[in-house]
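# Structural overview for review
If you want the building blocks of each chain, they are given just below.
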Amino acid sequence: MANVIGEPLDRVDGHLKVTGQATYSGDWNIPNITYAALTVSRIASGNIVSIDTRAASQVSGVLAVLTYKDKIKLAADPSKVNPKEPAERVIQILQDTRVMYAYQPIAVAVAETYEAACEAADAVSVRYAEKKPSVTLVNGMARSYIPEKAGGAGDPGQSHRGDFKAALDAAPVRMQEIYTTAFHTHSPMEPHATVAVWDGPDKLTLYDSSQGIFGDRKRVASLFGLQLDNVRVICPYVGGGFGSKGPTWSHTVLCVMAAQRVNRPVKLVMQRPHMFGPVGCRSETQQTISMGASNDGKLSALGNDTLTHTSTFDEFTETATGPTRMLYSSPNNSTVQRLVRSDIGTPSYTRAPGEAPGTFALEVAMDELAYKLGIDPVELRLINYAERDEDKNLPWSDKPLRECYRIGAERFGWAKRNPAPRSMRDRNTLIGWGMATSVYPARRSPASARARMNADGTVHVDAGSQDLGGGTYTIMTQIAADAVGVPVKSVTFRLGDTRYPETPVSGGSQTAATCGTAVYEACIALREKLLSLASLGGNQTATVQELMARSGQPFIEAQASTEANADAKTMSCYSFGAQFAEVRVDVDLGQIRVARMTGVFAAGTILNAKTARSQFMGGMIWGISLALLEKDAYDPQLGRIVNNNLAEYLVPTNPDVGTIDVAWVQDEDLHVSPMGAKGIGEIGITGSAAAIANAIYHATGKRIRETPITPDKLL
Ligand code: MOS
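Only a predicted model underlies this, so the values are computations on that prediction, with no experimental measurement involved.

On to the pattern of salt bridges, then. Two side chains carrying opposite charge are able to pair once their charged atoms lie near each other. With the rule as written, the count across this model stands at 35 salt bridges. Its salt-bridge partner being Asp 169, residue Lys 165 comes within 3.1 Å of it at the nearest N-O pair. With Lys 165 and Asp 169 both in helix 5 (residues 164-170), this residue pair falls four residues apart, about one helical turn. Taken together, the shared-partner salt bridges in this structure form one network comprising Asp 426, Arg 427, Glu 582, Arg 584 and Arg 596.

Moving on, we come to the packing of helix 15 (residues 609-629) against helix 16 (residues 688-700). For any two helices packed against each other, one specifies the crossing angle of their axes together with the interaxial distance. Relative orientation of the contacting elements helix 15 and helix 16 amounts to 50°, with a least axis distance of 7 Å. With respect to helix 16, the element helix 15 is oriented oblique. Where helix 15 crosses over helix 16, the handedness of that crossing is right-handed. Contacts from Gly 619, Met 620, Gly 623, Ile 624, Leu 626, Ala 627 and Leu 628 in helix 15 reach Ser 688, Ala 689, Ile 692 and Ile 696 in helix 16. Classifying every residue of the contact of helix 15 with helix 16 by side-chain character gives eight nonpolar, three polar and no charged.

The two faces of strand 23 (residues 555-562) differ: Ile 556, Ala 558, Ala 560 and Thr 562 on one face are buried, but Phe 555, Glu 557, Gln 559 and Ser 561 on the other face are not. Note that strand 20 (residues 447-454) and strand 23 share eight bridges and pair antiparallel. Looking at strand 23, one finds that Arg 450 is bridged to Gln 559.

For the rest of this paragraph, the subject is the sheet that holds strand 15 (residues 285-293). Overall, mixed pairing links the five strands, which are arranged 9-17-16-15-10 in an open sheet. Each of the sheet's edge strands pairs with one partner strand only, and the pair in question is strand 9 (158-161) and strand 10 (173-181). When strand polarity is set aside, the average angle formed by the axes of neighbouring strands in this sheet is 10°. Pairing geometry for strand 15 and strand 16 (residues 299-311), over nine bridges, is antiparallel. Within strand 16, the residue paired with Ile 289 across the bridge is Asn 304.

Looking now at the sheet that holds strand 21 (residues 459-462). One open sheet holds the four strands; their spatial order is 22-21-20-23, and the pairing between them is mixed. Pairing within the sheet leaves two strands with one partner each, and these edge strands are strand 22 (491-494) and strand 23. When the angles between neighbouring strand axes are averaged without regard to direction, this sheet yields 15°. The pairing of strand 20 with strand 21 spans four bridges and is antiparallel. Its bridge partner being in strand 21, Arg 452 is matched across the sheet by His 460.

Okay, the side chain of Gln 92 next. Mapped onto the secondary structure, Gln 92 falls in the loop between strand 3 (62-66) and strand 4 (98-99). At 2.7 Å, the side chain of Gln 92 and the side chain of Tyr 101 are in polar contact. In this structure Gln 92 touches Met 100, Tyr 101, Gln 104, Pro 105, Ser 250, Leu 254 and Phe 313, once residues within four positions along its chain are discounted.

Our next topic: helix 7 (residues 250-262). Helix length check: helix 7, at 13 residues, gives a terminal C-alpha distance of 18 Å against a target of 18 Å (1.5 Å per residue), a fit within 8%. Along helix 7, 11 of the 13 residues are buried, which leaves the element largely enclosed by surrounding structure. Backbone geometry just after helix 7 places Asn 263 at a positive phi near 55°.

Attention now moves to the nonpolar core. Counting 86 residues, the largest nonpolar core has Met 291, Leu 369, Val 583, Phe 616, Leu 628 and Ile 692 as the members making the most contacts within it. With 10 residues, helix 9 (residues 355-373) is the single largest residue contributor to this core. Excluding residues that lie within four positions of it along the chain, Val 583 makes contacts with Leu 430, Ile 431, Gly 432, Ile 592, Arg 593, Val 594, Ala 595, Ile 692, Ala 695, Ile 696 and Ala 699. In this structure, Ala 36, Cys 235, Ala 258 and Ile 344 belong to the second largest nonpolar core, which totals 52 residues.

Right, let's get into helix 15. Three or four residues apart is the spacing at which side chains of an α-helix point the same way, because the helix has 3.6 residues per turn. Under the 1.5 Å per step criterion, the end-to-end length of helix 15 is 29 Å for 21 residues, consistent within 8% with the ideal 30 Å. Measuring from the side-chain oxygen of the N-cap residue of helix 15 to the backbone nitrogen of Lys 610 gives 2.7 Å; that N-cap residue is Asn 608.

Structurally, the position occupied by Phe 576 is in strand 24 (residues 574-586). The spacing of Phe 576 and Ala 603 is 27 residues in sequence and 6.6 Å in space, taken between C-alpha atoms.

This model, assessed by the stated rule, comprises 20 aromatic pairs. Plain terms: the ring middles of Tyr 24 and Tyr 237 are 5.9 Å apart, the flat faces sit at 50° to each other, and that makes the pair tilted. Here Tyr 24 is found in the loop between helix 1 (14-18) and strand 1 (34-40), whereas its partner Tyr 237 is found in the loop between strand 13 (231-234) and helix 7, with 213 residues between them in sequence. Among the residues examined, Tyr 24 registers a relative accessible area of 21% and is labelled partly exposed. Centroid distance Trp 198 to Phe 224: 5.9 Å. Interplanar angle 70°. Geometry classified as edge-to-face.

Turning next to unusual backbone geometry. Cis geometry marks the peptide bond from Thr 707 to Pro 708; its omega dihedral reads -5°. You can see Pro 708 is positioned in the segment after helix 16. With phi around 55°, Ala 352 is a residue other than glycine that occupies positive phi space. Within the fold, Ala 352 resides in the loop between strand 17 (332-342) and helix 9.

Our focus in this paragraph is the side chain of Asn 332. Residue position: Asn 332 is located in strand 17. A polar contact is formed between the side chain of Asn 332 and the backbone oxygen of Ser 300, at a distance of 2.9 Å. In this structure Asn 332 touches Arg 161, Gly 162, Asp 163, Phe 164, Ala 167, Ser 300, Ala 301 and Leu 302, once residues within four positions along its chain are discounted.

The contact between helix 12 (residues 472-484) and helix 13 (residues 511-534) brings their axes to 8 Å, and the two run at 30°. In terms of orientation, helix 12 lies roughly parallel with respect to helix 13. The hand of the helix 12/helix 13 crossing is right-handed. Across the interface between the two elements, Thr 472, Ile 475, Met 476, Ile 479, Ala 480, Ala 483 and Val 484 of helix 12 pack against Thr 511, Ala 512, Cys 515, Gly 516, Val 519, Tyr 520, Cys 523, Ile 524, Leu 526, Arg 527 and Leu 530 of helix 13. Residue composition of the contact of helix 12 with helix 13, grouped by class: 14 nonpolar, three polar and one charged.

What counts, and where the lines are drawn
- Residues numbered from 1 in each chain as written.
- Predicted model: local features only at pLDDT ≥ 70, side-chain atom pairs only at ≥ 80, totals over all residues.
- Heavy atoms only, no water.
- Salt bridge = Lys/Arg side-chain N within 4 Å of Asp/Glu carboxyl O.
- Helix = DSSP H or I, 4+ residues; strand = E, 2+ residues; numbered from the N terminus.
- Axes fitted to C-alpha atoms, helices over the stretch in contact; angles between N-to-C directions.
- Parallel < 35°, antiparallel > 145°, perpendicular 65-115°, else oblique.
- Left-handed = near helix turned anticlockwise from the far one by under 90°.
- Contact = heavy atoms within 4.5 Å.
- Nonpolar A, V, L, I, M, F, W, Y, C, P; charged D, E, K, R; others polar.
- Buried < 20%, exposed > 50% of the residue type's maximum accessible area, 1.4 Å probe, protein only.
- Pairing = 2+ DSSP bridges.
- Polar contact = N/O pair within 3.5 Å; in protein donor to acceptor, adjacent residues only side chain to side chain.
- Expected span 1.5 Å × (residues − 1).
- Core = buried A, V, L, I, M, F, W, Y, C linked by side-chain atoms within 4.5 Å.
- Phe/Tyr/Trp six-rings, centres within 6.5 Å; stacked < 30°, edge-to-face > 60°.

Right under this line is the structure:
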C-alpha cells in the first residue's frame with residue numbers, strides 16, 4: 001500500500017465546509033429550540049446594586065430572564081477549579097452581585113427568537129456601585145507576585161542556573177531592555193456557541209464549540225451534579241479556537257441553566273463584542289531581557305523578568321520566559337514570571353501561549369546584541385546554539401535547527417544583506433531584512449481511539465478529539481490508512497463526540513502526536529487482527545473483503561489507549577524553526593508592509609504537506625498581526641476594551657500579507673510519536689513578530705520594543 005503520510009491530501013471535510021454542510025455548534029437545529037443572549041456588565045469592578053428585568057420580560061417572545069436573584073443552586077462551586085485540569089477556569093454564572101471585569105455575564109435572556117433574546121438582554125437595567133478598576137501594568141512590579149507553577153505544563157514560576165547576577169556584572173558586553181507586547185483577544189471566525197438539550201432532569205446533550213469536549217463534559221457534569229455518562233458533548237466542527245475554546249467558560253454553563261429554566265433546548269451564540277472579556281485573552285507582557293556576552297558573542301548571562309496580568313479571581317500565567325530558559329546556551333540564566341492582579345477576565349491560552357510574546361522579546365534582544373557586537377544575527381545564534389536543554393538538563397529528542405537557519409537563509413537570500421540600517425532603499429521606500437528563531441514544545445498526552453474493519457472493507461476510526469480547522473480529520477485519516485494498509489478512501493474518521501474514545505483538549509499543539517498515536521496504535525492492532533486471519537490459511541493474497549468473509553463477523557474492532565510520552569522524562573522535546581522577513585517602510589509616513597517572509601521548520605514527520613503549510617503560514621501571518629496590528633485597546637479609566645469588534649480590533653487581511661514562503665527540513669522524531677510527528681499548530685507564530693521587528697530596525701534604524709509597531713512609532 002502506498003505510503004500516504006505526508007501526501008498533500010485535500011481536507012476530507014473541505015467539501016462539506018465550502019458547501020455549507022458542516023454543522024458548527026450554532027447551526028444545530030433542534031425541535032422546539034429557544035435562544036439565549038447575555039447581558040454583560042458595563043463596569044470592570046464593583047457590585048450590582050439593583051437589576052431590573054421588568055422591561056426585558058415584556059419584550060414579545062421572552063420566556064425568562066435569569067439573574068443572580070434567581071439563586072440558582074449548583075452541585076459544585078464554580079469558583080473552584082481542579083488544579084489537575086489546567087484548562088479549567090473560574091467562571092461567573094449568576095451566583096452573586098460581584099462584577100470583576102467588563103463584559104462579565106450578569107444576566108441571560110431566553111426567548112423564542114434570537115432577536116427577541118438580544119433585545120431583552122439589552123433591556124435589562126442595572127445600577128452598579130463602581131470601584132476604580134486597574135487594568136495596566138504601570139508600577140506593576142511593586143504589586144506583583146511570583147506564581148509557584150506557571151502555564152499548562154505547570155513549569156516553575158522562576159528558574160535560575162549558575163550565578164546570573166555576577167556573570168552579568170562581569171560581562172564585557174551588557175544589555176538590558178524592556179520589551180512589551182499588547183493584550184490580544186483570540187477572535188476566531190466562529191464565535192463561541194452552545195446548544196443545551198435536557199432529556200429529563202438528569203440527562204444532557206451539549207453542542208458546544210469546544211477545543212476539549214471531555215473537559216466540557218467533566219465541568220458541566222460536576223456543576224450540575226450529573227453522572228459523566230449522562231452528559232454527551234458533541235462538536236464535529238470548530239471554526240477556529242486558538243486557545244479561546246479550551247476552557248469551559250461561563251456562557252456554556254449559563255446556556256445549560258437557561259435550558260433547565262425554560263425546559264426547552266436553548267441556543268446561545270455569543271455576540272462578537274461580548275467575547276472581549278469572558279472567554280480569555282492573551283495578557284500583555286512586559287519583559288526585561290538582560291544579556292551579558294563576550295566580545296566574540298558568547299552569552300555568559302541571559303535573563304528574562306516578565307510581568308503579565310492575571311485576573312482578581314483566578315490565576316493564569318503567560319509564560320513568556322520559556323524560550324529564554326532553553327533556547328540558547330548560557331551558563332548563567334535567570335527567569336522570573338510575575339503576575340499582577342487586574343480587573344480583567346482571566347487571560348488564557350492563546351496560540352503559542354508564552355512562546356509567542358516570549359520569542360518577540362528574546363529574538364529582538366538577540367538582534368540588538370548582534371548589532372552591538374557587529375556579528376551577523378544568524379551567526380550569533382549559531383555561536384550560542386544550545387546542544388542540550390540547559391534548563392531541564394536533558395538532551396534534545398531532536399533538533400535540526402542548524403538546517404532551518406541554513407535553508408532559510410538560502411531561500412531568503414540572506415547572504416546578499418548589507419547589515420547597515422537604512423542601507424537598502426527603493427525611492428521613498430526603506431527596505432529591511434530581519435530574522436529570528438522559532439520554538440515550541442512538542443507534547444503528547446494520554447489518548448484513546450477505536451478502529452473497525454467492516455465486511456465491505458471500509459474502515460471506521462473514532463476518537464473523541466476536536467478539529468479546530470487545522471486538519472485533524474485529514475491527518476487522522478492518513479495515519480489510519482497508512483497503519484491499517486488500506487487506501488485513504490476506505491477510511492472514515494470521526495471525532496467530536498464524547499461517545500467516542502476519550503482524548504484530551506486540542507491545545508498545546510498536541511493533537512497530531514496525541515490523538516495520532518492512539519489512532520496509529522488502534523489501527524496497528526486492527527491490522528494485526530487481520531493478519532492473524534490471513535495466517536489461518538487459505539489464499540495468501542486474499543482481499544480484505546475475503547478475510548472478513550472468512551472471519552464470519554460483521555466487523556473486526558481494535559481499541560488502543562496510549563500514555564503520555566514516556567521519552568519526555570529523559571529528553572527535551574521541542575519543534576524549532578527559523579524565520580526571515582522583508583519589510584518595506586514608507587520613509588515619510590512610516591507605513592509598514594511585510595513584503596515577504598520565509599519560514600523553515602523542523603517539526604518531525606509532516607503528516608500532510610497541504611494542511612501543514614497552511615498551519616505554518618497561518619501562524620506566520622498571526623506574527624504579522626502581533627508585530628503590526630493586534631491590540632485590545634483598554635480604556636484605563638473604565639477598564640473596558642473599546643475596540644471590541646472586528647472593525648476596530650485589527651487582524652491581517654489579504655492586502656496586509658506579502659509572499660509567504662514555507663518549508664520544512666527532512667525530520668522524524670520517534671521520541672515524540674510513532675509516526676515521528678510533532679504538533680505544528682503554534683510554532684509558526686513564534687519568532688515571526690521578532691523577524692519583522694528586526695527587519696523594521698534594519699530598514700529604518702529605529703528599534704521599537706513595543707508591539708504593535710505602528711507608523712506613529714517610526715516617525
Ligand atoms: Mo492552543 S493556545 O494551546 O489552543
